[in-house]
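An overview of the molecular structure
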Number of protein chains: 2
Amino acid sequence: MTEANYYSEKIHGPHQYFELGDFELEYGITLPNAKLAFKTQGTLNPAKDNVILFPHMWSGTSSSMEIFVGEDRPINPNKYFVIFPGQFANGFSSSPSNTPAPFNGGAFPNVTIGDDVRAQHRLLSEHFGIKRLELVLGWSMGAEQTYEWAVRYPDMVKRALPFAGTAKTTPHDYIFVRSHEDALKSDPAWNGGFYRDQSDVHVGLRRHAQVWSVMGLCQDFYNKEAWRELGFTSLEDFLHRFWEAYFAPMDPNNLIWMGWKWRHGDVSRHTGGDLKAALGRIKAKTYVVPFSRDMFFPPVDCEAEQKLIPNSEFRVVDSLQAHFAMFCLTQSDRDQIDACIRDLLAEKVD
Amino acid sequence: MTEANYYSEKIHGPHQYFELGDFELEYGITLPNAKLAFKTQGTLNPAKDNVILFPHMWSGTSSSMEIFVGEDRPINPNKYFVIFPGQFANGFSSSPSNTPAPFNGGAFPNVTIGDDVRAQHRLLSEHFGIKRLELVLGWSMGAEQTYEWAVRYPDMVKRALPFAGTAKTTPHDYIFVRSHEDALKSDPAWNGGFYRDQSDVHVGLRRHAQVWSVMGLCQDFYNKEAWRELGFTSLEDFLHRFWEAYFAPMDPNNLIWMGWKWRHGDVSRHTGGDLKAALGRIKAKTYVVPFSRDMFFPPVDCEAEQKLIPNSEFRVVDSLQAHFAMFCLTQSDRDQIDACIRDLLAEKVD
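These numbers were taken from a predicted model, which means no experiment stands behind them.

Some points on the nonpolar core
Burial of nonpolar side chains together is a common tendency in soluble globular proteins. Core analysis: the largest hydrophobic core is formed by 232 residues, its most contacted members being Phe163 and Trp243 of chain A together with Phe163 and Trp243 of chain B. Dropping the residues within four chain positions of it, phenylalanine 163 of chain A is found in contact with Leu137, Gly138, Trp139, Ser140, Ala143, Val289, Phe291, Met326, Ile337, Cys340 and Ile341 of chain A.

Considering the packing of aromatic side chains
Residues and elements named next belong to chain B. For the structure on display, the rule yields 76 aromatic pairs over all chains. Considering the side-chain rings of phenylalanine 232 and phenylalanine 242, the 6.2 Å spacing of their centres and the 85° angle between planes classify their relative orientation as edge-to-face. With phenylalanine 232 in the loop between helix H7 (219-223) and helix H8 (235-247) and phenylalanine 242 in helix H8, the pair connects residues that are ten residues apart, well separated along the chain. In this structure phenylalanine 242 comes out as buried when scored by relative accessible area, which is 16%. Pairing phenylalanine 242 with phenylalanine 324 gives two aromatic rings, centres 6.4 Å apart and planes at 75°, and the pair type is edge-to-face. Of this pair, phenylalanine 242 sits in helix H8 while phenylalanine 324 sits in the loop between strand S8 (312-314) and helix H12 (331-346), and the two are 82 residues apart along the sequence. You'll find phenylalanine 242 and phenylalanine 324 in the same group, each marked buried.

Focus: the sheet that holds strand S8 (residues 312-314) of chain A
Residues and elements named next belong to chain A. The strand order across the open sheet formed by eight strands is S1-S2-S4-S3-S5-S6-S7-S8, and the pairing between neighbours is mixed. The open sheet terminates on both sides in strands that have one partner only, identified here as strand S1 (16-24) and S8. Within the sheet, the average angular offset between the axes of one strand and its neighbour, ignoring direction, is 20°. Looking at chain direction, strand S2 (residues 30-41) and strand S4 (residues 81-85) are connected through four bridges and run antiparallel. Considered in S4, the bridge of phenylalanine 38 is made with proline 85. Relative to the sheet, helix H11 (residues 299-306) contacts strand S7 (285-288) and S8, its axis offset from that of S8 by approximately 160°.

As for the pattern of salt bridges
For the coordinates displayed, the defined rule picks out 44 salt bridges over all chains. Of the charged contacts, one joins arginine 122 of chain B and glutamate 126 of chain B as a salt bridge, the two residues approaching to 2.8 Å between their closest N and O atoms. Of the two residues, arginine 122 of chain B and glutamate 126 of chain B both sit in helix H3 (residues 113-128), four residues apart, roughly one turn of that helix. You can call arginine 122 of chain B partly exposed: its relative accessible area is 24%. A salt bridge links glutamate 225 of chain B to arginine 228 of chain B, with the shortest nitrogen-to-oxygen separation between them at 2.8 Å. One salt-bridge network, in which partners are shared between bridges, spans Glu26, Glu148, Arg152 and Arg269 of chain A.

Thoughts on the domain arrangement of chain A
All names here are of chain A. Each domain of chain A was delimited in the assignment, giving domain 1 (3-169 + 264-346) and domain 2 (170-263). Inter-centroid distance (C-alpha atoms) of domain 1 to domain 2 is 22 Å. On the side of domain 2, 41 residues touch domain 1, which itself brings 44 residues to the contact. For the pair domain 1 and domain 2, the summed buried area comes to about 3,900 Å², and 65% of that belongs to carbon and sulfur atoms. Counting the surface domain 1 buries against domain 2, the share from its top three residues, Trp58, His264 and Phe296, is 22%. Applying the counting criterion to the domain 1 and domain 2 interface returns two salt bridges.

Conventions adopted
- Residues numbered from 1 in each chain as written.
- Chains lettered and ligands numbered in written order.
- Predicted model: local features only at pLDDT ≥ 70, side-chain atom pairs only at ≥ 80, totals over all residues.
- Heavy atoms only, no water.
- Core = buried A, V, L, I, M, F, W, Y, C linked by side-chain atoms within 4.5 Å.
- Buried < 20%, exposed > 50% of the residue type's maximum accessible area, 1.4 Å probe, protein only.
- Contact = heavy atoms within 4.5 Å.
- Phe/Tyr/Trp six-rings, centres within 6.5 Å; stacked < 30°, edge-to-face > 60°.
- Helix = DSSP H or I, 4+ residues; strand = E, 2+ residues; numbered from the N terminus.
- Pairing = 2+ DSSP bridges.
- Axes fitted to C-alpha atoms, helices over the stretch in contact; angles between N-to-C directions.
- Salt bridge = Lys/Arg side-chain N within 4 Å of Asp/Glu carboxyl O.
- Domains from an automatic or database assignment.
- Buried area = accessible area lost by both parts, 1.4 Å probe.

This is the structure we're talking about:
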């Protein structure tokens, strides 16, 4: 499968595109003709006060979080206008895989969570004229974007719901994300990011999937052979048909550039490195929700940040699926996550 | 530095060698002129009943655990005769790095924990005439060997002290050890295990070190910048001068073949896959001692096995150094580990 096939509307559904023009990135490079892909559900009401923003995780697209929206789901599209914004390097928005020279492939500039959020802010203000958000929520790198929103635009965000992610990337996160990137780069076919087709780097993609399988789930998941309930017949079967199959069609550069963003996420750059001051800016009613066995974002790391957020609560989703609870592979995961969204939306916020 | 330099008595002190002759391995291959390196401290008494066996961990040599022996250390060489046996693929015993064709380098046969323990048993019985051991103890893969000893030769082992290791490798252990191996193999210079000098594979060794740094320690260690106390000035400084420096002089094949052993460790192969029956065989007074933040061998995994061992106790060493508590980099780690050894040696055992 080629990258063109994977990052297509056939697989991910119809997208809209917001033209950012020549977009100056946080690190100084100007990306010409930059674009931000997005999807929406529901209808923006005349007062423009029924908006939920739901950015997506690393490796995802604007379609990744649609499972939480529906008439019988915690976000009802008859009531809310839901925007699923893309992010740079996701394969639909400006990315290594779709940008012309000089910024094609391995020459794509480094992008940050701040760049994503500034682009999203322009979409909301310039394209939709939205001034305030009922809720910003996201998982993993979507949580990083949620924090960036709540710190950067505190008056715009009424409620914030970061699932399984941190406002400042921990050093442990930093090194394991880099080790994931290095697994892709280790394939000679990666060639500094200049390959003809993503499938040329299939060895790197497989290696990357194997490394991901270690921290992406947890000891307990494998001990209990929880993959059986998900329809796999052996550990090896799970490693090939789940992990390798998940990453196989993706573009290595897109994953690497999103990973760079992930590991450099840090809201405290708004306050000269003072995390307490940065999180103290948040005005949103916030639920900080880690997943109990998450090896990427252990609850204790999330709780340390929650304590610095004025109007916040700490909730833990208990799940054997570790970081992947958000995929709602079990009813228990789904019920707990749904409850967090429903409860926060039900909170009265001025 | 070449492999010949690293696996030398200049660095690791004088070794003795026990000639195993043509040694039939568990998987059926016969290794010609096999040898088991070892070191000793203290004097074997005439009754031959003052013996402690202290096998070493993955990546180590017979010198690795000598820090626990001394007149003011928990194992007093004036009282005990301590044998530090080698293991296959450690660079001194028969290994990919020192075996002639046809089993040189990448053609070295797969070896098992059972092969190590059978070789060690021959050393003890044939060379020393030892019939019973006061204590077998070891860390990590040394713990695997300790379990193998206690299950395979239950009447010979009076006390067993496995630190931070399991009797049966968990599936999570299996996949992360394989991912470590793959980091080495990913270097084209590895070339299926046939390279001229270990330093030719330095990129793979560096990559391997980076992957190890993720699971080898823990989130807390990095969050608290505990590397500062160890004399490092930044995270990158620690990654280069500790992790890369540790692995840089080693032989990639030796690490890979020891890793294969690690991930295939399983005492239940003595009882048709029944772990409870295997651990039920143990007659030794046993302390099962995990390290609190160990990401390789979480306490809960060790406790599950401890419950299957008849005359056993469960103790946890609380340490920020995670799996590496055994290096005794802090006084607290040293004190807790020393106490386990002293207490178990003080236990009356028939």
